Amino acid sequence: MKINLLSILALGILLIACKKETERFVNEKPEETRFTKVTLIERLDEPMELEVLRDGKILFIERKGKIRLLEPESGIVKEVGFLPVYYEAEDGLLGLAKDPDFYNNQWIYLYYSPEGEESINRLSRFTLVDEIMDMASEKVMLEIPQFRGCCHSGGSIEFDSQGNLYLSLGDDTTPFESDNFNPIDERPGRPENVDAQRSSSNSKDLRGAILRITPQEDGTYTIPEGNLFPEGTADTRPEIYVMGNRNPFRISVDPKNGYLYWGEVGPDAQFDSLGRGPRGYDEVNQAKEAGFFGWPYFVGDNKAYWYYDFEKQESTSQFDPQAPVNYSPNNTGIKILPPAQEAMIWYPYADSEDFPMLGSGGRNAMAGPVYYHDLFPFSEVKFPKYYSGKLFIYDWMRNWIFTVSFDENGDYAGIEEFLPETRFKKIIDMQFGPDGSLYTLEYGTYWSAQNDDSGIYKIEFNPGNRQPIAKAQASKNQGAVPLQVAFNSEGSLDFDGDNLEFEWDFYGDGVYISKEANPVFNFERPGTFNTILTVRDPEGLNSQAVLPITVGNEPPVIRFDWEGNKSFYWGKPTKSYRVMVEDLEDGSLDNAGIAAKDVLVTWDFLKEGFDKVLSSEGHQQTESTTQLLGQNLTVKSGCNACHGEENASVGPSYKEVALEYETDPNASDLLLQKVTLGGGGVWGERLMPSHAHLPESDIVLMVDYILSLSPNAALHQKNRLEIEGELKLDQHKDQGTYILTASYRDKGANGIAPILRREELVLRHPLVLAADADYFEGTAKANFRDSRLVKFTENESYIGLDSIDLTQIENLILSIDPNRRTGWLEVRLGSPQGLMVGRTQLLSNELRPKNAQGKWFDIKIPLEPTKQKDNIYLVFQTETGVDIWNSFLLNTIYFDGK
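Residues numbered from 1 in each chain as written. Predicted model: local features only at pLDDT ≥ 70, side-chain atom pairs only at ≥ 80, totals over all residues. Heavy atoms only, no water.

1. Here's the deal with the overall build of the protein
Phase 1: When you go through the protein residue by residue, the secondary structure sums to seven helices and 57 strands.
Phase 2: In summary, the protein has a C-alpha radius of gyration of 32 Å against a globular reference of 29 Å for 898 residues, a match within 12%.
Phase 3: In terms of overall dimensions, the protein has C-alpha extents of about 95 × 90 × 70 Å along its principal axes.
Phase 4: Taken across its 898 residues, the protein has 54% of its residues classed as buried.
Phase 5: Across the protein, contacts joining residues at least 24 apart in sequence account for 63% of those joining residues at least 6 apart.
Phase 6: If you sum the accessible surface of the protein, you get close to 40900 Å²; carbon and sulfur atoms cover 48% of it.
Phase 7: In the protein, which carries 87 positive and 139 negative side-chain charges, the distance between the mean positions of the two groups comes to 4 Å. (Helix = DSSP H or I, 4+ residues; strand = E, 2+ residues; numbered from the N terminus. Rg over C-alpha atoms; globule rule 2.2 N^0.38 Å. Buried < 20%, exposed > 50% of the residue type's maximum accessible area, 1.4 Å probe, protein only. Contact = heavy atoms within 4.5 Å. Areas by Shrake-Rupley, 256 points an atom, 1.4 Å probe, with all protein chains shown as cover. Lys, Arg positive; Asp, Glu negative; His and termini not counted. Charge placed at Lys NZ, Arg CZ, Asp CG, Glu CD.)

The structure is reproduced here in structure tokens:
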């Protein structure tokens with residue numbers, strides 16, 4: 001009996017141990033590799049909101065009026081219904097939610113802008129019959145006046161667990177008439193959309209509020225207990241749950257405690273202004289109960305605006321968050337408002353002092369769902385317990401997702417980024433499906449456009465065997481026929497450590513196959529082929545990588561004949577240059593097979609230096625360096641949300657702008673001013689916000705890129721050169737970068753399209769900031785007064801600079817502060833372990849000159865004569881030790897040449 005009891009106890013302990021072993025990722029954060037982003041459908045036309053149904057089908061809406069249903073297993077999407085809508089500016093079909101009892105009554109709720117002369121937005125209920133929306137079933141629940149053609153319509157719909165419907169409404173007010181501060185223009189005769197006091201802080205207006213109502217079976221609604229103004233309160237609307245919002249574009253409701261969350265898209269002012277108020281902030285808000293959230297009197301953590309008299313252009317006093325009042329003549333509600341509630345999270349265009357992890361740049365805050373692990377008991381792909389109780393927030397412009405943690409009182413406790421290495425393209429809605437995986441609806445790059453990179457995606461969690469990752473490289477991806485290509489699968493991996501099988505399909509048709517990991521193959525016929533690598537683990541999970549290979553046209557080769565160092569300049573010399581171009585099919589400049597007029601040579605000087613990361617992107621897309629830099633800066637700045645290169649979006653296409661200003665000699669200065677200050681009128685009533693937060697040098701490059709898109713731009717390019725001549729390096733003062741660029745587009749061959757090639761000779765000032773190096777290991781960057789420095793924090797830590805020509809360079813002069821540490825620095829080529837071409841003596845504070853001023857002093861490293869271009873590394877060696885607190889400091893590197 002005792003043995004049996006012990007056996008039973010042992011079995012119980014074993015079962016408990018097994019159970020605990022499988023319960024992973026409760027407090028441990030899972031690796032990003034355990035999440036898989038699965039594409040369900042792409043190329044949508046302005047998707048807005050989605051509902052994931054329990055059978056896996058996905059109901060979603062598009063702004064121009066379509067209601068669509070996706071069957072993920074088949075990939076079939078069908079049109080469930082269509083509403084004729086007014087879809088200019090920010091109006092259209094905006095919001096979607098299914099009824100809490102949807103699987104019995106088939107009701108859906110839509111918020112939309114009806115087509116026609118009447119300027120209203122409407123909340124209606126419709127019935128689906130056999131997955132088709134019955135237009136005759138419409139029950140109009142609410143109609144809200146709207147100033148059409150303007151701004152901030154909101155429109156997000158969510159239900160809570162008690163059957164209450166929440167609807168978010170924007171302030172319907174333009175930001176541009178108030179210098180991007182709070183719009184409170186009370187002057188008579190002004191358009192009604194210049195004063196947000198008529199909407200957001202008006203208790204008798206539904207705009208600028210989040211409503212809470214309880215729909216009834218007959219299509220009406222009742223008011224639940226606990227809204228901001230009890231029914232019957234004079235000069236109020238009982239539907240209002242929270243008011244004082246600017247643009248609460250996406251909302252969510254905690255399914256357990258009923259807390260309301262929303263992202264607030266904030267105003268555009270770049271800087272604080274004495275007498276006007278704070279710069280703009282986006283917000284993520286939490287409402288545990290009804291309240292007033294401040295707009296247009298406060299923003300962020302109740303940073304107060306001033307009352308500004310637009311007639312006199314004078315400020316009188318700051319608003320008080322504890323006692324806000326609305327004395328606007330446009331206010332039809334109560335004048336004494338509830339105390340203003342602070343935002344939970346707030347952040348500006350610039351780096352945030354309060355939430356630095358959120359980054360900088362364009363912003364569009366949105367609130368996603370709160371996840372609970374126990375709501376999905378029977379799923380193998382649901383998120384782990386680590387995320388239970390956390391709120392998912394996202395930013396449409398910055399393309400990130402963060403999770404917010406709360407304490408036992410439901411108050412903000414912390415924030416961390418979710419899937420930082422995963423790429424998102426402007427998430428506009430997200431929802432946890434019935435399987436506990438996260439579905440994202442992504443709008444795509446350009447606003448008001450049908451984007452190829454829009455779509456619906458599903459993020460699944462995998463606690464067990466993970467799908468392998470296929471990585472494929474080719475020694476060449478284009479060339480003449482026959483073309484020999486060496487392929488390799490380096491980088492392919494399995495996160496579970498499984499042995500992988502490889503399969504290469506060279507022509508992409510299943511005919512020529514190799515099972516080698518790194519095969520070599522000869523392409524014997526011209527054409528464009530997709531070579532497919534499939535990697536497979538022992539359980540049959542696989543992934544693929546595709547390499548396009550173009551056979552039949554050899555790319556042109558461009559070289560510079562340039563005497564002397566090809567990385568740096570000294571003094572203000574005059575240099576001779578010559579461009580050489582050869583193409584297998586076209587010939588060369590020397591034999592007149594290529595005409596000099598077909599080679600574009602440009603000479604640029606950049607005061608702020610040259611970012612090689614920008615240069616490496618889109619190598620074949622533009623012909624000159626300034627065009628390429630400008631093109632990448634427009635993407636980085638977020639301008640492509642409103643403009644496309646070819647297609648108009650909210651604003652005109654870049655090519656349309658280039659044509660408009662093609663003959664205007666002042667076009668560059670005019671567009672620089674417009675982009676900096678904002679403006680409108682040329683392309684309709686839509687206004688462009690100020691971009692004063694961008695450096696002027698960046699805007700200049702962006703404008704140059706846009707104007708370069710005119711068909712005749714190359715012929716009139718100011719910085720165009722002949723294929724040989726002399727160049728004066730005389731534009732710099734203390735810093736700056738010169739760039740000689742040559743590009744040639746060949747004529748094509750064997751039915752293969754022409755190939756553009758561009759080469760650059762980049763000359764920079766020989767004084768290099770150590771913090772601007774390309775490679776870092778065991779180091780930390782830090783700020784000191786108006787400069788930046790590098791800390792060497794461990795033995796054999798290093799920094800590296802990419803592709804440096806050491807021709808004619810005799811010494812490196814380093815500006816250092818040993819910081820009470822002792823060690824030496826080695827100069828190595830190619831790698832941190834490569835050929836050593838220089839080494840300092842033992843460095844310590846004892847070497848500091850007695851007359852040294854300030855923190856830094858110089859030491860010289862003689863270099864062995866070198867004529868090659870290579871990566872160079874400064875490797876720190878120490879026998880006495882360093883650490884993050886007591887580290888060896890390096891400020892600048894001077895390449896001493898002639």
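2. Some points on the sheet that holds strand E51 (residues 798-805)
Phase 1: In space, the five strands of this open sheet follow the order E48-E51-E56-E53-E54, with antiparallel pairing throughout. Two strands in the sheet have a free side with no partner beyond their single neighbour: strand E48 (775-777) and strand E54 (835-839). The sheet shows a mean angle of 25 degrees between the axes of neighbouring strands, taken without regard to direction.
Phase 2: In this structure, strand E53 (residues 824-829) lies alongside strand E56 (residues 869-877), joined through six bridges in antiparallel fashion. If you follow Glu 826 over to E56, its bridge partner there is Val 875. (Pairing = 2+ DSSP bridges. Axes fitted to C-alpha atoms, helices over the stretch in contact; angles between N-to-C directions.)

3. Some words on the sheet that holds strand E26 (residues 400-406)
Phase 1: The antiparallel open sheet is built from four strands, whose spatial order is E24-E25-E26-E27. Whereas interior strands pair on both sides, the edge strands pair on one side only; in this sheet they are strand E24 (365-370) and strand E27 (412-418). In this sheet, adjacent strand axes meet at a mean angle of 30 degrees when their direction is disregarded.
Phase 2: Of the pairings in the sheet, the one linking E26 to E27 comprises six bridges and is antiparallel in character. Counted as the bridge partner of Ile 401 is Phe 418 from E27.

4. Some thoughts on the nonpolar core
Phase 1: Leu 110, Leu 123, Ile 345, Phe 383, Phe 392 and Ile 456 are the most contacted members of the largest nonpolar core, which has 116 residues in total.
Phase 2: Here the element with the most residues in this core is strand E7 (residues 107-112); it accounts for six residues.
Phase 3: Those residues in contact with Leu 110 that sit more than four places away from it in its chain are Ile 61, Ile 67, Leu 83, Leu 93, Gly 95, Leu 96, Arg 122, Leu 123, Ser 124, Phe 126, Met 133 and Ile 157.
Phase 4: Counting residues in each nonpolar core, the second largest holds 33 residues, with Ala 770, Leu 863, Phe 876 and Phe 895 among its members. (Core = buried A, V, L, I, M, F, W, Y, C linked by side-chain atoms within 4.5 Å.)

5. Overview of the state of the cysteines
By definition, a disulfide links the sulfur atoms of two cysteines through a covalent bond.
Phase 1: The tally for this structure, following the rule as stated, stands at one disulfide.
Phase 2: The residue that forms a disulfide with Cys 150 is Cys 151, at a sulfur-sulfur distance of 2.5 Å. Between Cys 150 and Cys 151, the S-S dihedral sits near -80 degrees, and the bridge is therefore left-handed. Comparing Cys 150 with Cys 151 shows no difference in burial state: the two are buried. (Disulfide = S-S within 2.5 Å.)

6. Thoughts on helix H6 (residues 667-677)
Phase 1: For H6, the complete set of buried residues consists of Ala 667, Leu 671, Leu 672 and Val 675. Taken down its axis, H6 places every buried residue within 130 degrees of arc, on the same side. Residues of H6 that are exposed and point over 90 degrees away from its buried face: Asp 669 and Leu 677.
Phase 2: Buried residues belonging to H6 abut helix H5 (654-660) and helix H7 (696-707).
Phase 3: Taken from the residues just after H6, Gly 678 is the one with a positive phi, measuring 85 degrees. (Arc of directions from axis to C-beta.)

7. Topic: the environment of Asp 254
Phase 1: Relative to the helices and strands, Asp 254 is located in the loop between strand E15 (248-253) and strand E16 (260-264).
Phase 2: Residues Asp 254 and Gly 368 lie 114 residues apart in sequence; the distance between their C-alpha atoms is 9.9 Å.
Phase 3: In this view, Asp 254 contacts Tyr 259, Tyr 261, Val 370 and Tyr 372; residues no more than four positions away in its chain are not counted.

8. Some remarks on the pattern of salt bridges
Phase 1: Taken as a whole, this structure holds 43 salt bridges when the rule is applied.
Phase 2: We note a salt bridge from Arg 63 to Glu 46, for which the minimum N-O separation is 2.7 Å. One end of the pair, Arg 63, is in the loop between strand E3 (58-62) and strand E4 (66-71); the other, Glu 46, is in the loop between strand E1 (35-42) and strand E2 (47-52), with 17 residues separating them in the sequence.
Phase 3: Overall, Arg 63 belongs to the buried group, its relative accessible area being 1%.
Phase 4: Two residues, Lys 390 and Glu 416, come together in a salt bridge whose shortest N-O distance is 3.8 Å. Note that Lys 390 is positioned in the loop between E24 and strand E25 (391-395) and Glu 416 in strand E27, a separation of 26 residues in sequence. (Salt bridge = Lys/Arg side-chain N within 4 Å of Asp/Glu carboxyl O.)

9. Remarks on the packing of aromatic side chains
Phase 1: Scanning the entire structure with this criterion turns up 53 aromatic pairs.
Phase 2: Seen from their ring centres, Phe 392 and Phe 432 are 5.3 Å apart, and the 75 degrees between their planes marks the pair as edge-to-face. In this pair, Phe 392 sits in strand E25 while Phe 432 sits in strand E28 (residues 427-432), placing the two residues 40 residues apart along the sequence. Neither residue differs from the other here; Phe 392 and Phe 432 are each classed as buried.
Phase 3: Judged by centre distance (5.8 Å) and plane angle (20 degrees), the rings of Tyr 775 and Tyr 873 are stacked. Of this pair, Tyr 775 sits in strand E48 while Tyr 873 is found in strand E56, placing the two residues 98 residues apart along the sequence.
Phase 4: Its relative accessible area of 8% is what places Tyr 873 among the buried residues.
Phase 5: Linked through ring pairs, Phe 25, Phe 35, Tyr 371, Phe 376, Phe 383, Tyr 386, Tyr 387, Phe 392, Phe 418, Phe 432 and Phe 461 together constitute an aromatic cluster.
Phase 6: The positively charged end of Arg 363 is found above the aromatic ring belonging to Tyr 349, 4.0 Å away from the centroid. (Phe/Tyr/Trp six-rings, centres within 6.5 Å; stacked < 30°, edge-to-face > 60°. Lys NZ or Arg CZ within 6 Å of the ring centre and 35° of its normal.)

10. Focus on unusual backbone geometry
Phase 1: Residue Pro 296 is bonded to the preceding Trp 295 through a cis peptide linkage, with omega at 10 degrees.
Phase 2: Note that Pro 296 resides in the loop between strand E18 (291-292) and strand E19 (298-299).
Phase 3: Looking along the chain, the bond that leaves Val 481 and enters Pro 482 is cis, with omega of -5 degrees.
Phase 4: Among the secondary structure elements, Pro 482 is positioned in the loop between strand E32 (478-479) and strand E33 (483-488).
Phase 5: Phi at Asn 302 takes a positive value of approximately 65 degrees, unusual for a residue other than glycine.
Phase 6: Among the secondary structure elements, Asn 302 is positioned in the loop between E19 and strand E20 (303-304).
Phase 7: Non-glycine residue Gln 808 carries a positive phi angle of around 70 degrees.
Phase 8: Take Gln 808: its relative accessible area is 32%, and that puts it in the partly exposed class.

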